[in-house]
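# Fold and contact review
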Amino acid sequence: MYDHDENGICIEMKGITKKYDAIPALNGIDMEIPCGARYSLIGPNGAGKSTTLKILVGLLKPDSGKVTVGGFDPVTNDAKRIIGYLPEDAYPYINLTLKENLEYIGAIRGVEDPKSRASELIQKLDLTPYRFTKVSQLSRGNRQKLSVALAIVHHPKVILLDEPLNYLDIPTQASVIKMLDELKATYLVSTHIMEIAEKLSRNVIIIGHGRVTWNGTMDDLRNMARNGERIEEVVARLMTDVA
Amino acid sequence: MLLKTLKLILITRYSKFFIVILVLLLAYNIFTGLVIKPTEIVYYRYVVLAIFSFFTLLAGVNSTVPLLKSDVHFLFVSAMPRKDLILSLFTSKYVFYGLSSLIPVLYTLPFTQTGRIDELAGLILSVLMTFFVTSIGLALYNFSIRVRIAVSAAATLWLISPIFGFYYSPMAYLFDHFTYGIIFVVILSAGFTYFAFRTLATSQIEKTRVIGSVREKRDREGNIIVKIPRETTFRNRSVAFNTIAFNFSRVPIYSRTSFISRNRSGTTKISRVIIAGIAISIVLNLILVKMSTSGSTDLLLSIFISVYSVMFIPLLFSQSALALERAWLSFTSMDPGIYMKYFMTGKILQALSFTAPISAGLIFISLFYGLPYMGLALLELVPIPCLLVVYIYIGFSVGVFQIRDPEFVTQQFNSRQFFNVLPSLLFLPLAAVSVIVPYFGGIFSAAMVIFALISITRTGLWRRKAFRLIESGFI
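Anyway, here's the lowdown on the structure attached to this text. This one's a predicted model, so the numbers in the text were calculated from it and none came from an experiment.

Moving on, we get to the interface of chain B and chain A. The interface of chain B with chain A comprises 46 residues on the first partner and 43 residues on the second. Our enumeration of links across chain B and chain A arrives at three salt bridges. The partner of A:Lys18 in a salt bridge is B:Glu471, with the nearest N and O atoms 2.5 Å apart. Taken together, the links from chain B to chain A amount to ten residue pairs in polar contact (both at pLDDT 80 or more). Mapped by element, the contributors of at least two residues to the side of chain B that touches chain A are strand E2 (224–229), helix H9 (239–249), strand E4 (266–269), helix H12 (327–330), helix H13 (336–369) and helix H19 (459–471) of chain B. Looking at the side of chain B that touches chain A element by element, the count peaks at five residues for H9(B). Taken together, the residues of the side of chain B that touches chain A break down into 21 nonpolar, 13 polar and twelve charged.

As structure tokens, then:
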């Protein structure tokens, strides 16, 4: 079913609604992301960014609407095989070592040789000195690097990242971005920091009050600037207009 | 200032629900303790002894200083007198370990003595013992797990030694040897309380405790060059095998067992749980043999053990089961319903590893002392591990406590968690009947196996529960 065709649609949400008890989180989200594209999901706190990602990864079921990832319902194993997910403030298994985390998740995700894949990612992310360190004793930055590695251990084709560059210093941010660039995948990155959105994507979806309020490219945003406005100010204006 | 500090420390460590429950139990047991004047005294000596032994072992092995992250950020940097903080921290520890051991003792104490003066002396000694129980939970904080286990186990054995006719023990006061009781209780409680306050006075929040064994790589001169934890290797086996093996091999500890603490959450290896099961089996069977009269079972004691097994063993293995789980990794790797099937299989096998040695010992002594021990053996072997399914289901329903920050675990016992205990009430009479009528035990065991198999294979049910869990913030 999944075909990594640049002309195909890899992420599709139609009329998605979701309530937590009586509190609405999503009020009819619509979005289509072509395969191979890189999108940022931007919005103020409580806009529904994390809920959108949790629905896309199959951790939550929407109350209504249709959602597919790579053509599959996200709750199916077919979808889980192609999706990589990193939540905000991710904590891997705290009582396993860095290497054990990668090997275990590789193993249960059906990676052919989890040991080699773990070593490869450890090397790529400069984590070799910490490979035998338990997650509970890792610094926040190294824990975040491990979390990114866990999200991509199974070579996913659709990658959903929630604030992926949190806690990373500038050189590490660069190495993580380089590694993500090398993967031929579709990205949806949730963030509220425009600088990170610019680094990781070319397209932007702005959501507010559980709906998509704007959808376009980074260049569109730059072109909307009035009187030398910075891109952050343009986005802030778009968010305020909606509110 | 002391009262304000104490209030702050107590309300930040305990939920109102927990404090209310403690106060109600305290009031009830003081009342019943004063009113009931029983004539039968034999068994309740053992109840008092069992309670102090249990809490000594629990507090000692799990020795922690009840500090929270916020204490370091706000209280340690304030100008408040350190002695107020130390006294408040000790009191907060006493509220759990001291009162939890005192409450049942108050209820049973009148059973142990015959005259008013003895009663008062027994009560004073029991109160002193609660200080010992609290203090051992603080005094051993700076020691390694091996030392904590060794000291706690030695203290526990010393406490139970009067059962075997050794009266040079603090608990001798329960067996009409008041002089030895007074001498040893006073020495123990005073000594350990002193060391507990010293520990609190010098405790540093930055100190971390490493759980798990570490292999050291040394150079030719014997210097340590790198410390490598003993690792689990995930070979190229099936996904089901790896998932079950992972969930079987690591037993979560420290996440629920100490109620108040500044403790690191952790896991222990299944081999240690098996060793604990064997040790308990040996002690338990020795006690049962000692208590059984020639050729006949001690039925009351067997029922007592069955009731406590049903109440505590499934709770022990289920309460922390999901606390260290990571839904963003496990539930996104496969269908949550299927993951939970493997997860619960691993957890049932874990509980079985603990109860199997106990069961084996009981089967052995049942050959000499009759069928009720066989009923108890069957109960430990089959229904108790199967009960985990019920407990995990209830846990899912009332909300799972997830440990995210490994350094500082704030644990407040709330009313929702209380519901975890309720299923045991349903199974208590069934467990007791299984011991009295072993044939019923066979039917009960078969029913529990069928129930567990049907339950864990209902993937749709667990999937729905998993979604609900994520909605409540579990990630």
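And the narrative resumes.
Residues and elements named next belong to chain A. With respect to topology, three strands assemble into an open sheet ordered E2-E1-E4, the strand pairing being antiparallel. Sheet topology places strand E2 (23–34) and strand E4 (64–69) at the edges, where each strand pairs with a single neighbour. Neighbour-to-neighbour, the strand axes of this sheet turn through a mean angle of 20°, independent of strand direction. Relative to E2, strand E1 (residues 9–20) runs antiparallel, the two sharing nine bridges. By the bridge assignment for E2, Ile9 is matched with Pro34. Along the sheet, helix H1 (residues 49–56) makes contact with E1, E2 and E4, crossing E1 at roughly 120°.

A few words on the pattern of salt bridges. This model, assessed by the stated rule, comprises 19 salt bridges over all chains. A:Lys199 is the partner of A:Glu195 in a salt bridge, and the nearest nitrogen-oxygen pair spans 3.9 Å. Here A:Lys199 and A:Glu195 lie together in helix H7 (residues 194–200), a separation of four residues that amounts to about one turn. For A:Lys199, a relative accessible area of 36% corresponds to the partly exposed category. Salt bridges sharing partners connect three or more residues here, namely A:Lys18, A:Asp21, A:Asp63, B:Arg468 and B:Glu471.

Cut-offs used in this document
- Residues numbered from 1 in each chain as written.
- Chains lettered and ligands numbered in written order.
- Predicted model: local features only at pLDDT ≥ 70, side-chain atom pairs only at ≥ 80, totals over all residues.
- Heavy atoms only, no water.
- Contact = heavy atoms within 4.5 Å.
- Salt bridge = Lys/Arg side-chain N within 4 Å of Asp/Glu carboxyl O.
- Polar contact = N/O pair within 3.5 Å; in protein donor to acceptor, adjacent residues only side chain to side chain.
- Helix = DSSP H or I, 4+ residues; strand = E, 2+ residues; numbered from the N terminus.
- Nonpolar A, V, L, I, M, F, W, Y, C, P; charged D, E, K, R; others polar.
- Pairing = 2+ DSSP bridges.
- Axes fitted to C-alpha atoms, helices over the stretch in contact; angles between N-to-C directions.
- Buried < 20%, exposed > 50% of the residue type's maximum accessible area, 1.4 Å probe, protein only.

Purely geometric numbers; function is a separate question.
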